[in-house]
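A closer look at the structure
The residues making up each chain are set out below.
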Amino acid sequence: MNDDLSTAGSYVTAGSEFTRDTNYIDDRITAFTTESGRDAEGRLLWPVESDRYRLIVARGCPWANRAVISRRLLGLENAISLGIAGPVHDKRSWSFDLDPDGLDPVLRIPRLQDAFLARFPDYPRGITVPALVEVSSGQVVTNDYPQITIDFALEWTAFHREGAPQLYPEHLRAEIDEINSVVFSDVNNGVYRCGFAGSQKSYERAYRTLFDRLDWLTERLSTRRYLVGDTITEADIRLFTTLVRFDAVYHGHFKTNRQKLTEMPVLWAYARDLFQTPGFGDTIDFEQIKQHYYIVHTDLNPTQIVPVGPDATGWLEPSGREIRGGRPFGDGTPPPPPPAAERVPDLV
């Protein structure tokens, strides 16, 4: 990698606690627009329209993984196409090096940065996935990942498959939001606060917070199958994408090593239950996950050597979570298998 384009020094600031930049392009794609073209918070509104937008993701990224799972569960494959960047990137952003000619086959660009700069020539922030890009203009619409999945559930209902589950049901939204808030702070972002800590003190503080929250989640999930209610919701999607990366990446690479996920029986069974649910495990590529973290984060792994393990076949062992009851899809049905172009390698 060209030294000028290296990601070295991009993640850890010596002596400082890791703080995530949570300012994203907060435009929304909605079923209803206002006269002003903006919502009550002032966010620009774009219309829901089949084939107008392309969802750009990377298999390695947990934040993008949420959008892929939501799109699968809701059956939005025919309305929103999927572009998959490779697991490794430089300072210029995610690149489409998995495609034969190094160009996204629809947008015809080599890296996601091009879609951001097409709309904002002086875009000052990180180029992140997931991102929704307008196909006709080649311009990014939004990379506001927490809002993207909520809008998939609530705004794209005209294009949901028959039998799509209710991932953000109205009567549970307050509880889902409460769970999501603490899981984001302490777990989803908590592993990064451990891994990218610039001081021993900030690392240990994040470490304690992370495992205190995992203990709390263990207690909660010891008596129920899912985080909120008796069906899969947005809350389960958000927790799963961190848990599924825990042993492969976070335990060693981010030093979250009090225990492996496989050594936390309740959370391990919960995660396996979701992994074996259509729409979850069929979005996971462990090799790309490991390649992303171990190659890109040269601050933490300057050799860029990618570990061979751990053995991932344990994800296929029965979870036994059925005894907790619950109905994964509520009154809905499982999604069909993913399109051939979107399939990930089998574990065995």
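One structure accompanies this document, and this report is about it. Predicted model only: the values in this text are computed from it and were never measured.

**Concerning the pairing of strand β8 (residues 139-142)**
Where strand β7 (residues 131-134) and β8 come together, three bridges link them in antiparallel fashion. Counted as the bridge partner of Leu132 is Thr142 from β8. What sits between the antiparallel neighbours β7 and β8 is a turn of four residues, in which Gly138 has the positive phi angle 70°.

**Digging into the environment of Thr298**
Here Thr298 shows up in the segment after α10 (286-296). Along the sequence, Thr298 and Ala79 sit 219 residues apart, while their C-alpha atoms lie 38 Å from each other.

**Examining the pattern of salt bridges**
If you walk through the whole model with that rule in mind, you get 25 salt bridges. Here Asp151 and Arg28 are joined by a salt bridge, their closest N and O atoms 2.7 Å apart. One end of the pair, Asp151, is in helix α3 (residues 145-154); the other, Arg28, is in strand β1 (residues 28-30), and 123 residues separate them in sequence. Exposure class is identical for Asp151 and Arg28. Each is buried.

**Here we look at the sheet that holds strand β3 (residues 53-58)**
Taken in spatial order, the four strands of this open sheet run β4-β3-β7-β8, and their pairing is mixed. Both edges of this open sheet fall to β4 (81-85) and β8, since each of them pairs with a single strand only. Here the strands of the sheet are splayed against their neighbours by 35° on average, with no regard to which way each runs. In this structure, β3 lies alongside β7, joined through four bridges in antiparallel fashion. Residue pairing for β7: Arg54 is matched across the bridge by Val133. Here helix α1 (residues 62-74) sits on the sheet in contact with β3 and β4, set at roughly 130° to β3.

**Describing the pairing of β3**
Burial of β3 is extensive: six of the six residues sit out of reach of the surface. Relative to β4, β3 runs parallel, the two sharing five bridges. Opposite Leu55, over in β4, you have Leu82 as the bridge partner. Running through α1, the crossover from β3 to the neighbouring parallel element β4 is right-handed.

**Side note on the nonpolar core**
Among the nonpolar cores identified, the biggest contains 100 residues, and Leu112, Phe152 and Leu214 are the most heavily contacted of them. With residues near it in sequence (within four places) discarded, Leu214 still touches Val187, Leu243, Phe246, Met264 and Leu267.

**A short note on the packing of aromatic side chains**
The tally for this structure, following the rule as stated, stands at 26 aromatic pairs. Pairing Phe18 with Phe196 gives two aromatic rings, centres 5.3 Å apart and planes at 70°, and the pair type is edge-to-face. Taken together, the residues Phe18 in the segment before β1 and Phe196 in the loop between α5 (190-195) and α6 (200-221) connect sequence positions 178 residues apart. Note on Phe18: relative accessible area 15%, which makes it buried. On the basis of an interplanar angle of 15° and a centroid distance of 5.3 Å, the ring pair of Tyr250 and Phe254 is categorised as stacked. Considered together, Tyr250 and Phe254 belong to a single accessibility category, that of buried residues. Over the aromatic face of Tyr192 sits the side chain of Arg20, whose NZ or CZ is 4.6 Å from the ring centroid. Across from the ring centre of Trp216, 4.8 Å away, lies the NZ or CZ of Arg213, which sits over that ring.

**A word on unusual backbone geometry**
Here the amide bond leading from Val129 into Pro130 is cis, since omega sits at 0°, within 30 degrees of zero. A cis amide bond, omega 0°, links Gly309 with the succeeding residue Pro310. Looking at the secondary structure, you find Pro310 in the segment after α10. Unusually for a residue other than glycine, Ser93 sits at a positive phi of about 115°. Checked against the element boundaries, Ser93 lands in strand β6 (residues 93-94). A relative accessible area of 4% places Ser93 in the buried class.

Conventions adopted
Residues numbered from 1 in each chain as written. Predicted model: local features only at pLDDT ≥ 70, side-chain atom pairs only at ≥ 80, totals over all residues. Heavy atoms only, no water. Pairing = 2+ DSSP bridges. Helix = DSSP H or I, 4+ residues; strand = E, 2+ residues; numbered from the N terminus. Salt bridge = Lys/Arg side-chain N within 4 Å of Asp/Glu carboxyl O. Buried < 20%, exposed > 50% of the residue type's maximum accessible area, 1.4 Å probe, protein only. Axes fitted to C-alpha atoms, helices over the stretch in contact; angles between N-to-C directions. Contact = heavy atoms within 4.5 Å. Right-handed = clockwise from strand over helix to strand, strands pointing away. Core = buried A, V, L, I, M, F, W, Y, C linked by side-chain atoms within 4.5 Å. Phe/Tyr/Trp six-rings, centres within 6.5 Å; stacked < 30°, edge-to-face > 60°. Lys NZ or Arg CZ within 6 Å of the ring centre and 35° of its normal.

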